[in-house]
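One-letter residues, chain by chain:
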Amino acid sequence: MIHLCEVGARDGLQNEKKHVTTEDKVALLNQLMDTGIKKFETASFVNPKVVPQMADAEAVMEALPEREGITYAGLVLSRSGLERALATKVDRLHITAATSDTFNQKNVRRTVSESVEELSTVVEDASAAGRPSAAILSTVFGCPYEGTVDRARVFRVAEAFLDVGVQEIVLADTTGMANPIQVRDTVTDFKRSFGEEVPLGLHFHNTRGLGLANVAAGYEAGVRMFDAALGGLGGCPFAPIAVGNVASEDMIHMFQEMGAETGIDLEAMLNTSKWLETVMEKTLPGMVMKAGAASRLAEQ
């Protein structure tokens, strides 16, 4: 079974210049819930001056329904962000740290070690408040400033977070530098180092057109949890030439064509993607709508 974490409302929108209203964000999430998606990264609790698109994080959470089986996750980068998140109905905390110092400095003005230290207390305090955490490790497959990131360093960061109670690790290709063999080898080494019992997810961007190929490589290596954003929206404000996430509808289409169970209504997802284009007032990067899958579905 494929488990999708839909990150469109957070990672998908955070870098968009067009302001998206709270009402449209909530409408997007509600429509996606109706497709069968169970887990969402709904908002980030960060400085609104730095990421204006996320200034309404609390309002989004307040407006979302409490639906059985649905998990809402919120991104937290600091102690102040944790306090804001804990005041909402967020079910899980997502913390994130780069595995290269240069990228982490540009992102949060801290070294990797400093971020790990601060976020470790965030994880512990969140756990004490009854909110589990997942750690998203960025630049795992390469840093646009430093190049190759040593895999041993990546695993040291993962181990530090697991030691303080993080329940899930997500390896993120923040700027789309990964290739399928690298993904396969990294996942294999991770499972060898930490065992099959540690939940592992993957997060890919499509900067160099290898997003879906990298998803498939992760699947072949045994991963079943993937992040993606509807329409392929996304990009990091601190990454040069940032390009969007793997498109959720493209990924679900691929898995369904491969015979993998997703539990998601692809036709409903495509309809929501079409609606999102009207909200964003532009054509989205996702390919399935353009490549004929939508017309085949319409004929069924």
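Before reading on, note that the structure itself is shown above.
Note that this is a predicted model, so its numbers are computed, not measured. (Residues numbered from 1 in each chain as written. Predicted model: local features only at pLDDT ≥ 70, side-chain atom pairs only at ≥ 80, totals over all residues. Heavy atoms only, no water.)

(A) Spotlight on the packing of aromatic side chains. Following the criterion strictly, the structure yields seven aromatic pairs and no others. With centroids separated by 6.3 Å and ring planes inclined at 45°, the aromatic side chains of Phe 103 and Tyr 145 adopt a geometry described as tilted. With Phe 103 in helix α5 (residues 101-108) and Tyr 145 in the loop between β5 (133-138) and α7 (151-163), this residue pair connects regions lying 42 residues apart in the sequence. Under the relative-accessibility criterion, Tyr 145 is labelled partly exposed at 34%. Measuring from ring centre to ring centre gives 5.8 Å for Phe 155 and Phe 190, while their planes differ by 80°; the resulting arrangement is edge-to-face. Note that Phe 155 is positioned in helix α7 and Phe 190 in helix α8 (residues 180-194), a separation of 35 residues in sequence. On the accessibility criterion, Phe 155 (11% relative accessible area) is buried. Residue Phe 190 is classed as buried on the basis of its relative accessible area, which comes to 0%. Counting every residue linked through ring pairs, the aromatic cluster contains Phe 155, Phe 190 and Phe 194. Stacked on the ring of Tyr 145, the Lys or Arg Lys 106 has its end atom at 4.9 Å from the ring centre. (Phe/Tyr/Trp six-rings, centres within 6.5 Å; stacked < 30°, edge-to-face > 60°. Helix = DSSP H or I, 4+ residues; strand = E, 2+ residues; numbered from the N terminus. Buried < 20%, exposed > 50% of the residue type's maximum accessible area, 1.4 Å probe, protein only. Lys NZ or Arg CZ within 6 Å of the ring centre and 35° of its normal.)

(B) Representation of the pairing of strand β7 (residues 200-204) within the structure. Buried residues dominate β7, accounting for five of its five residues. Where burial is concerned, the two faces of β7 agree: the one with Leu 200, Leu 202 and Phe 204 and the one with Gly 201 and His 203 are both buried. Since strand β6 (residues 168-173) and β7 lie parallel, the crossover through α8 that links them has a hand, and here it is right-handed. Where β7 lies against strand β8 (residues 225-228), three bridges are found, and the strand directions are parallel. Residue pairing for β8: His 203 is matched across the bridge by Asp 227. For the handedness criterion, the β-α-β arrangement of β7, helix α9 (residues 211-220) and β8 is classed as right-handed. (Right-handed = clockwise from strand over helix to strand, strands pointing away. Pairing = 2+ DSSP bridges.)

(C) Summary view of α5. Of the residues making up α5, those classed as buried are Phe 103, Asn 104 and Val 108. Axial view of α5: buried residues confined to an arc of 100°, hence all on one face. Along its buried surface, α5 packs onto β4 (92-98), α6 (112-128) and β5. Arg 109, located one to two residues past α5, shows a positive phi value of around 60°. (Arc of directions from axis to C-beta. Contact = heavy atoms within 4.5 Å.)

(D) Focus on the packing of helix α10 (residues 248-257) against helix α11 (residues 266-280). In the contact formed by α10 and α11, the axes pass within 10 Å of each other and the chain directions differ by 160°. Regarding the angle of α10 to α11, the classification is roughly antiparallel. Both α10 and α11 take part in a crossing whose hand is left-handed. For the pair formed by α10 and α11, the contact residues are Ser 248, Glu 249, Ile 252, His 253 and Gln 256 on the first element and Leu 266, Met 269, Leu 270 and Ser 273 on the second. In the contact of α10 with α11, the residues fall into four nonpolar, four polar and one charged. (Axes fitted to C-alpha atoms, helices over the stretch in contact; angles between N-to-C directions. Parallel < 35°, antiparallel > 145°, perpendicular 65-115°, else oblique. Left-handed = near helix turned anticlockwise from the far one by under 90°. Nonpolar A, V, L, I, M, F, W, Y, C, P; charged D, E, K, R; others polar.)

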